[in-house]
Amino acid sequence: MDKMMDSPWVLRIVALFLAFLLFFSVRTELSPKNKTITSEQTVVIRDVPVDVFYDDKNLIVTGIPKTVNVTIKGPTPLALKAQTSRDFSIFADLSKLLIGEHNVKLQYENISDKLQVTLDPATVKVNIEEKVTQEFRVDPELNTRLIEEGYILNGMAANPTTVYITGAKSAIENISYVKATVTGEQGLKEPFSQVAAVKVLDRDLNKLDVTIEPETVKVQVDIGAYSRELPVVLKEIGKAENGITVNQLTISPTKVRVYGRKSIIDALTAIPVEVDLSKITESKTYEFDVKLPEGVTKISDTKIKVKADITKAEQEKTTTTTTTTTPAPTPTPSLPSPPSEETNTPSDNNTPPTDKTEEDIDS
């Protein structure tokens, strides 16, 4: 065996065999089949926009996703080019479909035939409906917990007061609320205005997919101190001067508006006004200050007019004296009565005088 290995021809044959083995090994590695296998690549392109073709002037389509994910598998140069350039498009052609629900297969274009394309989702369920435009009133809203204590929301107004909403017929029929929400910091106590976005909601407060024109409105918010109108009642204090009788007191105004915290104002039933009778000396109109009850911050009228009707005792005495001292007529002098008449006065005899006269005549 050693002699064979020492032979030059044996060494040449072995070397030739090894050369052929190495040649075929390298050729196998470089063959097109193996080269294709090793150069394939799979890439995922996310959030590719979906184009939709339909009569958008008269119809509304729902159910089409805005984007899809595209998986591309194939030769590395082609796959990487598609991923980098993103010059292909995904679309749904609905131009020949009628109103109603349909299952539509998404399509793609401008992608090499050597690439294997998978869309996620590949098929979508769409609903084609009639497009409707309708006018709705906008209702402004504000979280009242943002308002400072002692103040209330008097009202809100949107400008413009209405908006035009366009959408599928079913969506328009499901509209329950058209709101413009105003926001702000805690402690609101003054009027202000704010531009607010318009929201369209169904009865379950779900946002509807519709088009709003205009999308925003200007909201004027009127915030003021809490107030109530309460009656004015008189509270007499002091004592009228001697000789003065107060017949009647009439107040004006009879009601005033008071401002303050709601809990305090709601507990009040009337506003008392103290009238000092000792200051009323004649029949005329007086003014008395209104004392604010505790917790009341402001009142519409700080003074109350009181019209007094009085009678003075001196005037009554003067009138009585003038009436009783009027001179009486002077009596006319008369002659003394005869003695017979004095004797026959009715007080001395119960018989009428005429009867005695007749008896005397008979005798």
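As shown above, the structure is provided for reference.
Residues numbered from 1 in each chain as written. Predicted model: local features only at pLDDT ≥ 70, side-chain atom pairs only at ≥ 80, totals over all residues. Heavy atoms only, no water.

Undergrad: If you had to explain the environment of Glu129 to someone new, which residues and values would you point to?
TA: Within the secondary structure layout, Glu129 lies in strand 8 (residues 123-137). By relative accessible area, which is 13% here, Glu129 ends up buried. As a C-alpha pair, Glu129 and Gly100 span 29 residues in sequence and 6.5 Å in three-dimensional space. Setting aside its immediate chain neighbours within four residues, Glu129 contacts Asn58, Leu59, Ile60, Thr62, Ile99, Ala168, Lys169 and Ser170. A polar contact is formed between the side chain of Glu129 and the side chain of Asn127, at a distance of 3.2 Å. (Helix = DSSP H or I, 4+ residues; strand = E, 2+ residues; numbered from the N terminus. Buried < 20%, exposed > 50% of the residue type's maximum accessible area, 1.4 Å probe, protein only. Contact = heavy atoms within 4.5 Å. Polar contact = N/O pair within 3.5 Å; in protein donor to acceptor, adjacent residues only side chain to side chain.)

Undergrad: I'd love a proper account of the nonpolar core, names of residues and values included.
TA: In this structure, Leu142, Val163, Ile165, Ile175, Val178, Val210 and Val217 are the most contacted members of the largest nonpolar core, which totals 29 residues. Among the secondary structure elements, those contributing two or more residues to this core are strand 8, strand 11 (162-168), helix 5 (169-173), strand 12 (177-182), strand 13 (192-201) and strand 15 (216-225). Beyond its immediate sequence surroundings of up to four residues, Ile165 is in contact with Val132, Thr133, Gln134, Phe136, Ile172, Ile175, Val178, Val200, Val210 and Thr211. (Core = buried A, V, L, I, M, F, W, Y, C linked by side-chain atoms within 4.5 Å.)

Undergrad: How would you summarise the sheet that holds strand 16 (residues 227-237) if you had to cite specific residues and measurements?
TA: A sheet is described by the order of its strands in space; here four strands give the open sequence 19-16-18-21, paired in mixed fashion. Here the strands that pair on one side only, and so sit at the sheet edges, are strand 19 (271-276) and strand 21 (296-299). On average, each strand axis in the sheet is tilted by 40° relative to the strand beside it, whichever way the strands run. Pairing geometry for strand 16 and strand 18 (residues 255-260), over five bridges, is antiparallel. Its bridge partner being in strand 18, Glu229 is matched across the sheet by Arg257. (Pairing = 2+ DSSP bridges. Axes fitted to C-alpha atoms, helices over the stretch in contact; angles between N-to-C directions.)

Undergrad: Tell me about the side chain of Asp202, and please be specific about residues and values.
TA: With respect to the secondary-structure elements, Asp202 resides in the loop between strand 13 and strand 14 (211-213). We note that Asp202 is buried and unpaired, the nearest opposite charge coming from Arg203 at a distance of 7.2 Å. For Asp202, the side chain forms a polar contact with the main-chain nitrogen of Asp204, separated by 3.0 Å. Non-local contacts of Asp202, meaning those with residues more than four positions away in its chain, are made with Asn174, Ser176, Tyr177 and Leu208. (Lys, Arg positive; Asp, Glu negative; His and termini not counted. Salt bridge = Lys/Arg side-chain N within 4 Å of Asp/Glu carboxyl O.)

Undergrad: Help me get a handle on the environment of Asp266, residues and values and all.
TA: If you trace the backbone, Asp266 turns up in helix 6 (residues 262-267). When near neighbours in sequence (up to four residues on either side) are disregarded, Asp266 contacts Tyr226 and Arg228. A distance of 2.5 Å separates a polar atom in the side chain of Asp266 from a polar atom in the side chain of Tyr226.

Undergrad: Requested: an account of the sheet that holds strand 20 (residues 285-289), with residues and values cited.
TA: The three strands lie next to each other as 17-22-20, forming an open sheet whose pairing is antiparallel. If you trace the sheet from one side to the other, it starts and ends with strand 17 (244-252) and strand 20, each paired once. Taking each pair of neighbouring strands and ignoring which way they run, the sheet shows an average axis angle of 35°. Across eight bridges, the pairing between strand 17 and strand 22 (residues 303-312) is antiparallel. Bridge pairing in strand 22 places Leu249 opposite Ala308.

Undergrad: Give a detailed account of the pattern of salt bridges, specifying residues and quantitative values.
TA: On inspection of all chains with the given rule, the structure shows six salt bridges. Lys125 is the salt-bridge partner of Glu101, the closest N and O atoms lying 3.6 Å from each other. Taken together, the positions of Glu101 in strand 5 (residues 100-105) and Lys125 in strand 8 put the pair 24 residues apart, joining distant regions of the chain. Exposure remark for Glu101: the relative accessible area of 55% places this residue in the exposed category. The class of Lys125 is exposed, set by a relative accessible area of 55%. For the salt bridge of Lys262 with Asp266, the shortest nitrogen-to-oxygen distance reads 2.8 Å. You can see Lys262 and its partner Asp266 sitting in helix 6, four residues apart, about one turn around the helix. On the basis of relative accessibility, which here comes to 34%, the residue Asp266 falls in the partly exposed class.

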